[in-house]
Amino acid sequence: EPEVTQTPSHQVTQMGQEVILRCVPISNHLYFYWYRQILGQKVEFLVSFYNNEISEKSEIFDDQFSVERPDGSNFTLKIRSTKLEDSAMYFCASRLPGAASYEQYFGPGTRLTVT
Amino acid sequence: AQSVTQLGSHVSVSEGALVLLRCNYSSSVPPYLFWYVQYPNQGLQLLLKYTSAATLVKGINGFEAEFKKSETSFHLTKPSAHMSDAAEYFCAVSERVLTGGGNKLTFGTGTQLKVEL
């Protein structure tokens with residue numbers, strides 16, 4: 001069964017450093033998402049991406065964040081200058097084109113720890 | 001704006017007992033509703049979804065949920081709990097509008113289900 005994969009599973013970085021979180025969505029999916037979950041809090045939407053552009057972003061997704069689909073398979077989330085409050089589990093998701101009822105398939109997440 | 005409220009951050013049941021996890025939603029347009037399950041160190045897996053075809057929705061692993069518009073609820077149930085059901089469960093809502101790639105999910109805070117012998 002196809003699945004969304006994410007690397008690395010755990011990333012430790014120092015405050016102010018840049019990090020890139022990587023995701024490989026399911027191959028025939030065209031809609032891509034990033035969510036995050038701060039420890040003990042709810043899963044929050046960050047950004048959605050379709051047709052090589054951001055289609056929606058949350059207030060969390062400020063200028064420090066960017067997304068890219070550099071090739072036909074990867075989907076990345078970059079944080080330019082990490083802050084302590086960026087420590088969280090980051091989930092990538094993807095879904096098929098078409099009806100909005102189609103489920104989003106989630107990856108296992110990357111735990112980002114900013115020290 | 002859409003939102004989800006899950007009552008009870010922790011629920012404990014005995015093996016074989018009924019599981020009831022509560023979810024109430026708020027949405028300005030007719031919603032799509034989802035239940036996801038997260039096992040330790042894994043991603044979110046879809047249990048079931050409501051997309052207006054039927055108000056009683058059956059999912060995987062014996063779970064089902066009923067959409068009640070009058071109560072703005074989408075509670076998750078399972079007649080008989082199994083030890084393997086121990087996990088965190090998230091209710092989520094998405095607006096029924098095709099926005100060219102949006103359709104973000106808004107999640108509740110999650111309910112940790114514990115199953116005891």
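Before reading on, note that the structure itself is shown above.
So, here is what we can say about the structure in this document.

How each quantity is defined
Throughout, residues of each chain are indexed from 1 in the direction in which the sequence is written. Lettering of chains starts at A and numbering of ligands starts at 1, both following the order in which they are written. pLDDT decides what is reported in this predicted model: residues at 70 or higher carry local features, side-chain atom pairs at 80 or more are listed and counted, and totals for whole chains, interfaces and linings draw on all residues regardless. With hydrogens and water set aside, each side-chain value is computed from the structure's full complement of heavy atoms. Throughout, a contact is declared for two residues whenever any of their heavy atoms are within 4.5 Å. Simply put, the buried area is the total loss of 1.4 Å probe accessible area from both parts when two parts are fitted together. For this analysis, a salt bridge means a side-chain nitrogen from Lys or Arg found within 4 Å of a carboxyl oxygen belonging to Asp or Glu. Residues adjacent in sequence count toward polar contacts only when both atoms are side-chain atoms; beyond that, a polar contact is any pair of N or O atoms within 3.5 Å, and within protein one must be able to donate a hydrogen and the other to accept it. A run of H or I in DSSP becomes a helix once it reaches four residues, and a run of E becomes a strand once it reaches two; helices and strands are each numbered from the N terminus. Any residue that is not Ala, Val, Leu, Ile, Met, Phe, Trp, Tyr, Cys, Pro, Asp, Glu, Lys or Arg is counted as polar, Gly included; the first ten are nonpolar and the last four charged. Categorising residues by exposure relies on relative accessible area from a 1.4 Å probe, with only protein chains included: less than 20% of the type maximum marks a residue as buried, more than 50% marks it as exposed, and the intermediate range marks it as partly exposed. Disulfides are defined as pairs of cysteine sulfur atoms found within 2.5 Å of each other. Being paired, for any two strands, means DSSP has found at least two bridges between them. Here an axis means a line fitted to C-alpha atoms, over the contact stretch when the element is a helix, while the angle between two N-to-C directions is reported on a 0 to 180 degree scale.

**Some words on the interface of chain A and chain B**
Each partner contributes to the interface: chain A provides 22 residues, whereas chain B provides 23 residues. Roughly 1,900 Å² of surface becomes buried between chain A and chain B when both sides are summed, with 58% attributable to carbon and sulfur atoms. Across the contact surface, chain A and chain B share one salt bridge. Residues B:Lys104 and A:Glu56 are paired through a salt bridge, measuring 3.5 Å at the closest nitrogen-oxygen approach. The tally of links from chain A across to chain B stands at four residue pairs in polar contact (both at pLDDT 80 or more). Contributions of two or more residues to the side of chain A that touches chain B are made by β4 (31-37), β5 (43-50), β6 (53-57) and β9 (88-95) of chain A. When its residues are assigned to classes, the side of chain A that touches chain B shows 11 nonpolar, seven polar and four charged.

**Digging into the side chain of B:Ser94**
Residue and element names in this part refer to chain B. Within the element layout of this structure, Ser94 appears in strand β10 (residues 87-95). Residue class for Ser94 comes out buried when judged on its relative accessible area of 1%. For Ser94, the side chain forms a polar contact with the main-chain oxygen of Asn103, separated by 3.5 Å. Setting aside chain neighbours within four positions, we find Ser94 in contact with Gln2, Pro31, Tyr32, Phe34, Asn103, Lys104 and Leu105.

**What about the pattern of salt bridges?**
For side chains of opposite charge, pairing can occur when their charged atoms come near one another. Residues and elements named next belong to chain A. Tallying each qualifying case throughout the model produces five salt bridges over all chains. For the salt bridge of Arg36 with Glu44, the shortest nitrogen-to-oxygen distance reads 3.4 Å. We classify Arg36 as buried; its relative accessible area is 9%. Judged by its relative accessible area of 23%, Glu44 is partly exposed.

**A closer look at the state of the cysteines**
Counted by the stated rule, this structure contains two disulfides over all chains. Between the sulfur of A:Cys23 and that of A:Cys92 lies a disulfide, 1.9 Å long from S to S. In this structure the cystine formed by A:Cys23 and A:Cys92 twists about its S-S bond by roughly -65 degrees; its chirality is therefore left-handed. One end of the pair, A:Cys23, is in strand β3 (residues 19-24); the other, A:Cys92, is in strand β9, and 69 residues separate them in sequence. Summarising the burial analysis for this pair, A:Cys23 and A:Cys92 share the class buried. Here B:Cys23 engages in a disulfide with B:Cys91; their sulfurs sit 2.0 Å apart. Looking along the S-S bond of the B:Cys23-B:Cys91 disulfide, the torsion reads about -60 degrees, which is the left-handed sense.

**Regarding the sheet that holds strand β1 (residues 5-7) of chain A**
All names here are of chain A. Pairing is antiparallel in the open sheet, where four strands are placed in the order β1-β3-β8-β7. Lying at the two open borders of the sheet, with one neighbouring strand each, are β1 and β7 (65-68). Neighbour to neighbour, the strand axes of the sheet diverge by 20 degrees on average, direction disregarded. Bridge count between β1 and β3: three bridges; the pairing is antiparallel. Within β3, the position partnered with Thr7 by the bridge is Arg22.

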